[in-house]
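Examining the three-dimensional arrangement
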Amino acid sequence: DAKTTQPPSMDCAEGRAANLPCNHSTISGNEYVYWYRQIHSQGPQYIIHGLKNNETNEMASLIITEDRKSSTLILPHATLRDTAVYYCIVRANTGYSTLTFGKGTMLLVSP
Amino acid sequence: KAGVTQTPRYLIKTRGQQVTLSCSPISGHRSVSWYQQTPGQGLQFLFEYFSETQRNKGNFPGRFSGRQFSNSRSEMNVSTLELGDSALYLCASSLGLQDPKNIQYFGAGTRLSVL
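Residues numbered from 1 in each chain as written. Chains lettered and ligands numbered in written order. Predicted model: local features only at pLDDT ≥ 70, side-chain atom pairs only at ≥ 80, totals over all residues. Heavy atoms only, no water.

A count of helices and strands for chain A gives zero helices and nine strands. Along chain A, from the amino end to the carboxyl end, the secondary structure elements read β-β-β-β-β-β-β-β-β. When its C-alpha atoms are laid out on the principal axes, chain A stretches across 40 × 30 × 25 Å. When the accessible surface of chain A is summed, it comes to about 5,600 Å², and 50% of that surface belongs to carbon and sulfur atoms. Across chain A, the centroid of the 9 positively charged side chains sits 4 Å from that of the 9 negatively charged ones. (Helix = DSSP H or I, 4+ residues; strand = E, 2+ residues; numbered from the N terminus. Areas by Shrake-Rupley, 256 points an atom, 1.4 Å probe, with all protein chains shown as cover. Lys, Arg positive; Asp, Glu negative; His and termini not counted. Charge placed at Lys NZ, Arg CZ, Asp CG, Glu CD.)

Below, the structure is given as structure tokens:
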């Protein structure tokens, strides 16, 4: 699986949009971009994923650049409960469910 | 629908002992994966089981083993515990390729402390 690079930490004010970047310059054509988050002392939680088109669900939006070498996770109106470590993961859907986690981005949402 | 259940939540063992952790996946999920999380190494993949067969394995010593039963429940075992085995052990289940999204759903984990 391709390697990802994320900033170690980011801050965001409550109610504002949080934009979390991820670089995956070695991504292959059949690899998807997945985002998970881990709130302190809990197991990771799936947020969203995409291949090349932008995606939106009830939790977030995912913007993938045209060359697919980077992406941005957008939390449109961050709340204190969004404080967590966010992981960007690149994975091909070949049958294995294995996720390769990097260090992620610690997002701190403040009042 | 019940989520992924891991037992016990907390465990304290001493060096040299062995330990068995249990994971009950979401009903209908046949794939179970295990991960180890430590402050130094982060989240690392241990192994994945599907229909009682181990089909993927991470880079861990043979002291770490697992199995999956016919009802998809899974156990992992660590023998001859070392201090460095202290970690949060996470289990995740999924439908595998039956789910086009191939999402993994995680349990709350078992916190193992080795003294």
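Two aromatic rings, taken as a pair, are described by how far apart their centres are and by the angle between their planes. Applying the stated criterion across every chain yields a total of 12 aromatic pairs over all chains. Here the aromatic rings of B:Tyr35 and B:Phe106 are separated by 5.5 Å at their centres, their planes lie at 45°, and the arrangement is tilted. Of the two residues, B:Tyr35 sits in strand S4 (residues 31-38) while B:Phe106 sits in strand S10 (residues 105-106), which places them 71 residues apart along the sequence. Across the pair, B:Phe106 and B:Tyr35 agree in class, each one buried. The rings of A:Tyr32, A:Tyr34, A:Tyr36, A:Tyr46, A:Tyr87, A:Phe101, B:Tyr35, B:Phe45 and B:Phe106 are connected pair by pair, giving a single aromatic cluster. Positioned over the ring face of A:Tyr34 is A:Arg91, at 4.5 Å from the centre of the ring. (Phe/Tyr/Trp six-rings, centres within 6.5 Å; stacked < 30°, edge-to-face > 60°. Buried < 20%, exposed > 50% of the residue type's maximum accessible area, 1.4 Å probe, protein only. Lys NZ or Arg CZ within 6 Å of the ring centre and 35° of its normal.)

A separate point is the pattern of salt bridges. Two side chains carrying opposite charge are able to pair once their charged atoms lie near each other. Summed over all chains, the structure comprises six salt bridges over all chains. Notably, a salt bridge pairs A:Asp82 with A:Arg37, separated by 2.8 Å at the nearest N-O pair. Placement of the pair is A:Asp82 in the loop between strand S7 (70-75) and strand S8 (84-92) and A:Arg37 in strand S3 (residues 31-38), with a sequence separation of 45 residues. A:Arg37 matches A:Asp82 in its accessibility class, with the two residues each being buried. Here B:Glu75 makes a salt bridge to B:Arg67, at a shortest N to O gap of 3.3 Å. Here the residues in one salt-bridge network are B:Arg63, B:Glu82 and B:Asp85, joined through shared partners. (Salt bridge = Lys/Arg side-chain N within 4 Å of Asp/Glu carboxyl O.)

Let us now look at the interface of chain A and chain B. Across the boundary between the two partners, chain A contributes 19 residues, which contact 22 residues of chain B. Around 1,700 Å² of area is buried between chain A and chain B when both sides are counted, 50% of it from carbon and sulfur atoms. Among the residues chain A hides against chain B, the three largest losses belong to A:Tyr96, A:Ser97 and A:Thr98. Together they make up 28% of the total. Our count for the chain A to chain B interface comes out at zero salt bridges. When contributions to the side of chain A that touches chain B are tallied by element, the ones reaching two or more residues are S3, strand S4 (45-50) and S8 of chain A. With three residues, S3(A) is the largest single contributor of residues to the side of chain A that touches chain B. Along the lines of polarity and charge, the residues of the side of chain A that touches chain B split into eight nonpolar, nine polar and two charged. (Contact = heavy atoms within 4.5 Å. Buried area = accessible area lost by both parts, 1.4 Å probe. Nonpolar A, V, L, I, M, F, W, Y, C, P; charged D, E, K, R; others polar.)

In this section: the layout of surface pockets. Estimates place the volume of the largest pocket at around 830 Å³. Taken together, 39 residues line the largest pocket, and the ones lying closest to its centre are A:Tyr87, A:Gly102, A:Lys103, B:Gly42 and B:Leu43. Secondary-structure elements contributing two or more residues to the lining of the largest pocket are S8 of chain A together with S4 and strand S5 (42-50) of chain B. Looking at the lining of the largest pocket, the element that brings in the most residues is S8(A), giving six residues. Of the residues assigned to the lining of the largest pocket, the class counts are 17 nonpolar, 18 polar and four charged. In this structure, the second largest pocket occupies an estimated 170 Å³ of space. As for the second largest pocket, its lining consists of A:Gln42, A:Gly43, A:Pro44, A:Gln45, A:Tyr46, B:Gly3, B:Val4, B:Ile26, B:Gln104, B:Tyr105, B:Phe106 and B:Ala108. (1 Å grid on protein atoms, 1.4 Å probe; cavity = no way out; pocket = protein on both sides within 12 Å on 5 of 7 lines; lining within 4 Å. Points joined across faces, edges and corners; volume = space filled by probe spheres on them.)

Cis rather than trans, the peptide bond between B:Thr7 and B:Pro8 has omega equal to -10°. The residue B:Pro8 is located in the loop between strand S1 (5-7) and strand S2 (10-13) in this model. Positive phi, normally seen in glycine, also occurs at A:Arg68, with a value near 65°. Within the secondary structure, A:Arg68 is located in the loop between strand S6 (61-64) and S7. By relative accessible area, A:Arg68 is classed as buried at 10%.

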